[in-house]
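# A closer look at the structure
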Amino acid sequence: MFVTYILSKIRAYKLYRQTVSELSELSDRELADLGVSRFEITAVARKATFA
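Now for a look at the structure at hand. Here the residue numbering is sequential within each chain, running from 1 through the sequence in written order. Reporting in this predicted model follows two pLDDT cut-offs: at least 70 for local features of residues, and 80 or more for side-chain atom pairs to be given and counted; totals over whole chains, interfaces and linings ignore these cut-offs and use all residues. To get the side-chain values, all heavy atoms of the structure are used, and hydrogens and water are removed first.

## Focus: the packing of aromatic side chains
Between the rings of Phe, Tyr and Trp (Trp by its six-membered ring), a pair exists once the centres lie within 6.5 Å; its type follows the angle of the planes, with under 30 degrees stacked, over 60 edge-to-face, and the other angles tilted. Throughout the structure, instances matching the rule amount to 2 aromatic pairs. Ring-pair connections join several aromatic residues into one group, and the members of that group are Tyr13, Tyr16 and Phe50.

## Here we look at the nonpolar core
The biggest cluster of nonpolar side chains holds 7 residues, and these are Tyr16, Val20, Leu23, Leu31, Val36, Ile41 and Ala45. Note on conventions: DSSP H or I runs of at least 4 residues are helices, E runs of at least 2 residues are strands, and numbering of each starts at the N terminus. Going through the elements one at a time, α1 (2-24) and α3 (41-50) are the ones with two or more residues in this core. Sort the elements by how many residues they give to this core and α1 lands first, with 3 residues. The contact criterion used throughout is that any non-hydrogen atoms of two residues lie within 4.5 Å. In this view, Val36 contacts Leu31, Ile41 and Val44; residues no more than four positions away in its chain are not counted. Buried Ala, Val, Leu, Ile, Met, Phe, Trp, Tyr and Cys residues form a nonpolar core when they are joined through side-chain atoms within 4.5 Å. Burial classes follow relative accessibility: with a 1.4 Å probe on protein chains only, a residue under 20% of its type's maximum area counts as buried, one over 50% as exposed, and anything between as partly exposed.

## Let's talk about α3
Residues of α3 that are buried: Ile41, Ala45 and Thr49. The arc that holds the buried residues of α3, viewed along the axis, is 50°, so those residues lie on one side. Directions drawn from the helix axis to the C-beta atoms are what define this arc.

Now the structure itself:
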């Protein structure tokens, strides 16, 4: 059970990092179209991943 918990946290963190990476690659214009500013990327990724 503990191993399952740790693995789920690792998967969630990998998804978080992937989301941050993908959003960071977008231009400011593309982010604006999504309603996200550059400084909000980590918060948006955290909310999407760990919610």
